[in-house]
Amino acid sequence: MNKKYIDYLICIKCNNNLEYQNIIEKGDKVISGTLACVNCSSNYPIINYIPRFVPMTNYADSFGMQWNIHHSDQHDKFSSVNSSEERFKNETKWGENLKGEVIIEAGCGAGRFTQFAANTGAMVLSFDYSSAVEASYQHHSDKENVLIVQADIYNMPFKNDIADKIYCFGVLQHTPDSREALKSLTTKLKSEGKIAADNYPFLSTTWFHTKYWVRPITKRLNHKLLYWWCKQHVKIMWPIFKLNRKLFSAKRANRINWRLLVPDYTSTGLSEDKLKQWAVMDLFDMLSPMYDNPVRIETFKRWFEELGYKDIDVHMGYNGCEGRGIKI
């Protein structure tokens, strides 16, 4: 981390400022050391340039494994499609020039959206609960306006009311309590600040999704074993995947392939090799998380209302329930 970034961080125990102790530096960056609270006895390690405010091992370990294996697959410059940029711009609708503002990225994963937040000129405070922060740092260590930390969405090491904008894509449903996670994000947002977040939807067909039949077993499996199984499943099913694309309409083939646990992203324009990689990646993403909590769109909208947002826009979008609002 850049030494000056300490000004954005606070102790998660008492909300006081932090100071450096026993650090090893390289230029203006801190490679390792400790962030110590100036008020209480709490301290937090900096490991491989990244401040850590949570244990290295936690309920999100599967995401850490997933994104360190597939650290580049969803990045537009490697996939040759602009799906991440398109989703970031369409879900946030914030425009391209946010210089002088602060954005919190809640749940960065491998950092597929981080680049586009940074391109606005804003200071981006990016975090993930899992070791996926390692993958994101690989891609964004050169950016002067990005701070990446490993932290808990329920106890973020950022000052309250610090953010002009917050986005949280593909994360809420994988937390123990989605509403509480959204509430926690709200505390970091300034008055008149804007939020964009999404959550898997609970629909009349949700319990017919094959993943919910097998998740009670798969989420308890060893992650390496499950990942191996996902690769084998996609490999075996791929001829059927391709046959479905020939026999049925695009919409019906897509629905059938997903029911067969072969995620289908043909509509993105990915090459066949990338389609296979995304299928393995997303199948593991479906089956491995400890939590998968879909929500009804009416409930999602009510959360925004209860948490004090105005100009609320909740609708079905990229990841299911998609919501935007302005903090009163």
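Before any of the text, the structure's been laid out above.
All values reported here derive from a predicted model rather than from experimental measurement. What you see as residue numbers is a count from 1 along each chain, following the sequence as written. Two thresholds apply to this predicted model, a pLDDT of at least 70 for residue-level local features and 80 or more for giving and counting side-chain atom pairs, whereas whole-chain, interface and lining totals are computed over all residues. Values reported for side chains reflect all heavy atoms of the structure, with hydrogen atoms and water molecules removed beforehand.

The helix and strand labels rest on DSSP assignments: H or I over at least four residues marks a helix, E over at least two residues marks a strand, and numbering proceeds from the N terminus. The helix and strand inventory of the chain stands at 11 helices and 11 strands. Restricting the calculation to C-alpha atoms gives the radius of gyration, and the globule rule supplies 2.2 Å times the number of residues raised to the power 0.38. For 328 residues, the compact-globule estimate of 2.2 N^0.38 gives 20 Å, and the chain sits close to it at 20 Å. If one aligns the C-alpha atoms of the chain with their principal axes, the spans along those axes are about 65 × 45 × 35 Å. Per-residue accessibility, obtained with a 1.4 Å probe over protein chains only, is compared with the maximum for each type, and a residue is labelled buried under 20%, exposed over 50%, and partly exposed between these values. For the chain, the residues scored as buried account for 54% of the 328 residues in total. Any two residues whose heavy atoms approach within 4.5 Å at even a single point are treated as in contact. Restricting to contacts in the chain with at least 6 residues of sequence separation, those with at least 24 account for 64%. Here the chain displays about 14,700 Å² of accessible surface, and carbon together with sulfur accounts for 51% of that area. The charge count treats Lys and Arg as positive and Asp and Glu as negative. His and the chain ends do not count. To locate a charge, take atom NZ for lysine, CZ for arginine, CG for aspartate or CD for glutamate. Taken as two groups, the 42 positive and 36 negative side-chain charges of the chain have centres that lie 5 Å from each other. The protein chains shown are the only cover counted for residues, whose accessible areas, like all others here, come from Shrake-Rupley with a 1.4 Å probe.

Two kinds of site are reported from a 1 Å grid over the protein atoms alone, namely cavities, where a 1.4 Å probe fits but cannot get out, and pockets, open sets with protein on both sides within 12 Å along at least five of seven lines, and residues are called lining when an atom falls within 4 Å of a point. Grid points are joined across faces, edges and corners, and a volume is the space filled by probe spheres set on the points. Of the volumes computed, that of the second largest pocket is approximately 200 Å³. Listing elements by their share of the lining of the second largest pocket, those giving two or more residues are helix 8 (223–247) and helix 10 (272–287). The dominant element in the lining of the second largest pocket, judged by the number of residues it contributes, is helix 8, at five residues. Put simply, Ala, Val, Leu, Ile, Met, Phe, Trp, Tyr, Cys and Pro go in the nonpolar bin, Asp, Glu, Lys and Arg in the charged bin, and everything else, Gly too, in the polar bin. Looking at side-chain class alone, the lining of the second largest pocket contains three nonpolar, three polar and four charged residues.

Take empty space enclosed by the protein next. On inspection of all chains with the given rule, the structure shows one cavity of 30 Å³ or more. In this structure, the largest cavity spans a volume of roughly 100 Å³. Along its surface, the largest cavity is lined by 13 residues, and M1, N2, Y5, Y137 and V146 are the ones closest to its centre. Ranked by residue count, the leading element in the lining of the largest cavity is strand 7 (residues 146–150), at three residues. For the lining of the largest cavity, the per-class residue count stands at seven nonpolar, three polar and three charged.

Successive side chains on a regular strand alternate, one facing one side of the sheet and the next facing the other. By the alternation rule, side chains of strand 3 (residues 43–47) split into Y44 and I46, which are all buried, and N43, P45 and I47, of which none is buried. One requirement defines pairing of two strands: DSSP has to find at least two bridges between them. Here strand 2 (residues 29–37) runs beside strand 3; their pairing, made up of four bridges, is antiparallel. For A36, the partnering residue across the bridge sits in strand 3 and is N43. Sheet topology places strand 3 next to strand 4 (residues 50–51); two bridges connect them, and they run antiparallel. Directly across from I46, in strand 4, lies its bridge partner P51. Joining the antiparallel neighbours strand 3 and strand 4 is a turn of two residues, in which N48 adopts a positive phi near 55 degrees.

Extensive coverage of strand 11 (residues 320–327) is indicated by the burial of eight of its eight residues. Taken together, the seven bridges between strand 10 (residues 309–317) and strand 11 define a ladder with antiparallel strand orientation. The residue of strand 11 that forms the bridge with V314 is G323. Joining the antiparallel neighbours strand 10 and strand 11 is a turn of two residues.

A word on the pattern of salt bridges. Every case where a carboxyl oxygen of Asp or Glu lies within 4 Å of a side-chain nitrogen of Lys or Arg is listed as a salt bridge. Scanning the entire structure with this criterion turns up 20 salt bridges. Close ionic contact of R87 with E91 constitutes a salt bridge, the shortest N to O distance being 2.7 Å. Of the two residues, R87 and E91 both sit in helix 3 (residues 83–92), four residues apart, roughly one turn of that helix. Residue R87 is classed as buried on the basis of its relative accessible area, which comes to 10%. Overall, the relative accessible area of 1% leaves E91 in the buried class. Via salt bridges that share partners, R179, E180, R302 and E306 belong to a single interconnected network.

As a further point, take the nonpolar core. L9, L18, F53, F127, I153 and F158 are the most contacted members of the largest nonpolar core, which has 45 residues in total. If we ignore the near neighbours within four places in the chain, the residues touching F158 are Y8, L9, I10, I104, L125, F127, V149 and K188. Residues A135, L226, L275 and V280 belong to the second largest nonpolar core, which totals 29 residues. In these notes, a set of buried Ala, Val, Leu, Ile, Met, Phe, Trp, Tyr and Cys residues joined through side-chain atoms within 4.5 Å is what counts as a nonpolar core.

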